[in-house]
Amino acid sequence: MSVIEVKNVVKRWGTNTVLKSVDLEVDSSEIVGIIGHNGSGKTVLMKCICGFITPDSGDITVSGKRIGKDIDIPKNIGLIIETPGFLPNFSGFSNLWQLAKIRGKIGKDDVRSVIKKVGLNPNEKKHVGKYSLGMRQRLGIAQAIMEDPDILILDEPMNGLDKNGVEDMRELLLQLKDEGKAMIIASHNSVDIDVLCDRVFEITKGSLKQVR
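Residues numbered from 1 in each chain as written. Predicted model: local features only at pLDDT ≥ 70, side-chain atom pairs only at ≥ 80, totals over all residues. Heavy atoms only, no water.

1. Let's talk about the overall build of the chain
Phase 1 of the analysis: Counting its regular elements, the chain contains six helices and ten strands.
Phase 2 of the analysis: In the chain, which comprises 212 residues, the proportion classed as buried is 48%.
Phase 3 of the analysis: Look at the contacts in the chain between residues 6 or more apart in sequence, and 65% of them connect residues 24 or more apart.
Phase 4 of the analysis: Only carbon and sulfur atoms are counted for the fraction: they give 45% of the accessible area of the chain, which is about 10600 Å².
Phase 5 of the analysis: Placing the 30 positive and 28 negative side-chain charges of the chain at their respective mean positions leaves the two points 5 Å apart. (Helix = DSSP H or I, 4+ residues; strand = E, 2+ residues; numbered from the N terminus. Buried < 20%, exposed > 50% of the residue type's maximum accessible area, 1.4 Å probe, protein only. Contact = heavy atoms within 4.5 Å. Areas by Shrake-Rupley, 256 points an atom, 1.4 Å probe, with all protein chains shown as cover. Lys, Arg positive; Asp, Glu negative; His and termini not counted. Charge placed at Lys NZ, Arg CZ, Asp CG, Glu CD.)

What follows is the structure, given as C-alpha cells:
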C-alpha cells in the first residue's frame with residue numbers, strides 16, 4: 001500500500017478551483033517530483049497532505065490514516081513549506097532543541113548529529129538571524145529530518161544553497177530514500193528533479209498529470 005494516497009482532491013477558494021480532482025500515490029523509498037509555475041497549486045497540495053488545509057472534497061490517506069477523519073495532522077511527516085522560520089536570537093542548535101523538546105522523541109546528541117549531517121556546526125554560537133540564506137536552508141532540512149520521519153514534504157529544498165550545498169543535500173536526500181523514506185519534492189530546478197526523482201508530475205492550473 002502507498003504511504004501517501006491522494007484521491008480526487010478538490011480545493012476551491014471562492015470561484016477559483018486551486019486543485020482539480022487531483023490523484024497521487026507515493027511509496028516508501030520513492031521520491032516524487034512536482035513541477036509547475038508559481039500559483040499552480042503545488043504548495044496547496046502539499047499543505048493538504050500535511051493537514052494544514054482541508055480539501056473541499058476527496059480523500060487523503062497518510063500511512064493508512066485518513067486526514068480529517070482518523071487524524072488531523074500526521075506526525076510522521078518532516079517538511080519544508082515556504083521559508084523555514086526560526087528564532088533569530090538563538091543559535092541553530094538552540095532552535096532545534098526547543099522544537100525537539102516539544103515532542104520529546106530525541107535528545108541533544110541527536111540534534112547535534114543531524115546538524116552535522118546537513119553540514120553545519122552544532123557548536124556554532126552565531127545566532128540564526130545572522131545566518132546566510134543557505135545556512136538557514138540547511139537548518140530547515142535538519143529540522144525536517146531530525147525526528148526520523150517516514151515521509152518528507154519539501155518545497156524548494158535547495159533554495160539559497162550554493163553549488164556545494166546543493167550537491168550535499170542531493171546526496172543526503174538520496175541516502176534518506178535508500179533508508180526507506182517517501183518524499184515529495186517541488187522544485188523549479190530541472191536538474192534537481194532529474195537527479196532525485198523516480199516519477200515527476202506537472203501541476204497546471206490545479207490539474208496534476210504525470211510527465212515522467
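2. Here's the deal with the nonpolar core
Phase 1 of the analysis: Counting residues in hydrophobic clusters, the biggest one holds 36 residues, and the most contacted among them are L96, V111, V118, I145 and L173.
Phase 2 of the analysis: Those elements giving two or more residues to this core turn out to be α2 (92-103), α3 (108-117), α4 (133-145), β7 (151-155), α5 (163-178), β8 (182-186) and α6 (190-196).
Phase 3 of the analysis: Counting 31 residues, the second-largest nonpolar core is a separate cluster that includes V22, I67, I77 and A182. (Core = buried A, V, L, I, M, F, W, Y, C linked by side-chain atoms within 4.5 Å.)

3. Brief notes about the sheet that holds strand β9 (residues 199-204)
Whether parallel or antiparallel, the strands of a sheet pair through hydrogen bonds between backbone atoms.
Phase 1 of the analysis: Spatially, the six strands line up as an open sheet ordered β6-β7-β8-β3-β9-β10, and their pairing is mixed. Looking at strand neighbours, the two that pair on one side only are β6 (77-80) and β10 (207-210), the edges of this open sheet. Averaged over all neighbouring strand pairs, the angle between strand axes comes to 15°, with direction disregarded.
Phase 2 of the analysis: The pairing of strand β3 (residues 30-35) with β9 spans four bridges and is parallel. Opposite I34, over in β9, you have F201 as the bridge partner. (Pairing = 2+ DSSP bridges. Axes fitted to C-alpha atoms, helices over the stretch in contact; angles between N-to-C directions.)

4. Looking at the pairing of strand β1 (residues 4-13)
Phase 1 of the analysis: Examined bridge by bridge, β1 and strand β2 (residues 16-26) share seven bridges and lie antiparallel to one another. Paired with I4 across the strands is V26, a residue of β2.
Phase 2 of the analysis: As defined by bridge partners, β1 adjoins strand β4 (residues 57-62) across five bridges and the pair is classed as antiparallel. Each residue of the ladder has a partner; that of K7, found in β4, is D59.

5. Brief notes about the sheet that holds β1
Phase 1 of the analysis: One open sheet accounts for four strands, arranged β2-β1-β4-β5; its pairing is antiparallel. Of all strands in the sheet, those with a lone pairing partner are β2 and β5 (65-66), marking the two edges.

6. Side note on the environment of H127
Phase 1 of the analysis: The residue H127 is located in the loop between α3 and α4 in this model.
Phase 2 of the analysis: Relative accessible area serves as the criterion here: at 34%, H127 is assigned to the partly exposed category.
Phase 3 of the analysis: The spacing of H127 and P84 is 43 residues in sequence and 15 Å in space, taken between C-alpha atoms.
Phase 4 of the analysis: Side-chain polar atoms of H127 contact the backbone oxygen of N89, separated by 3.3 Å. (Polar contact = N/O pair within 3.5 Å; in protein donor to acceptor, adjacent residues only side chain to side chain.)

7. Quick word on the side chain of K42
Phase 1 of the analysis: Checked against the element boundaries, K42 lands in helix α1 (residues 42-49).
Phase 2 of the analysis: It is E156 that comes nearest to the buried, bridge-free K42 among opposite-charge side chains, at 5.4 Å.
Phase 3 of the analysis: When residues no more than four places from it in sequence are discounted, the contact partners of K42 are I34, I35, G36, H37, A186, H188 and I203. (Salt bridge = Lys/Arg side-chain N within 4 Å of Asp/Glu carboxyl O.)

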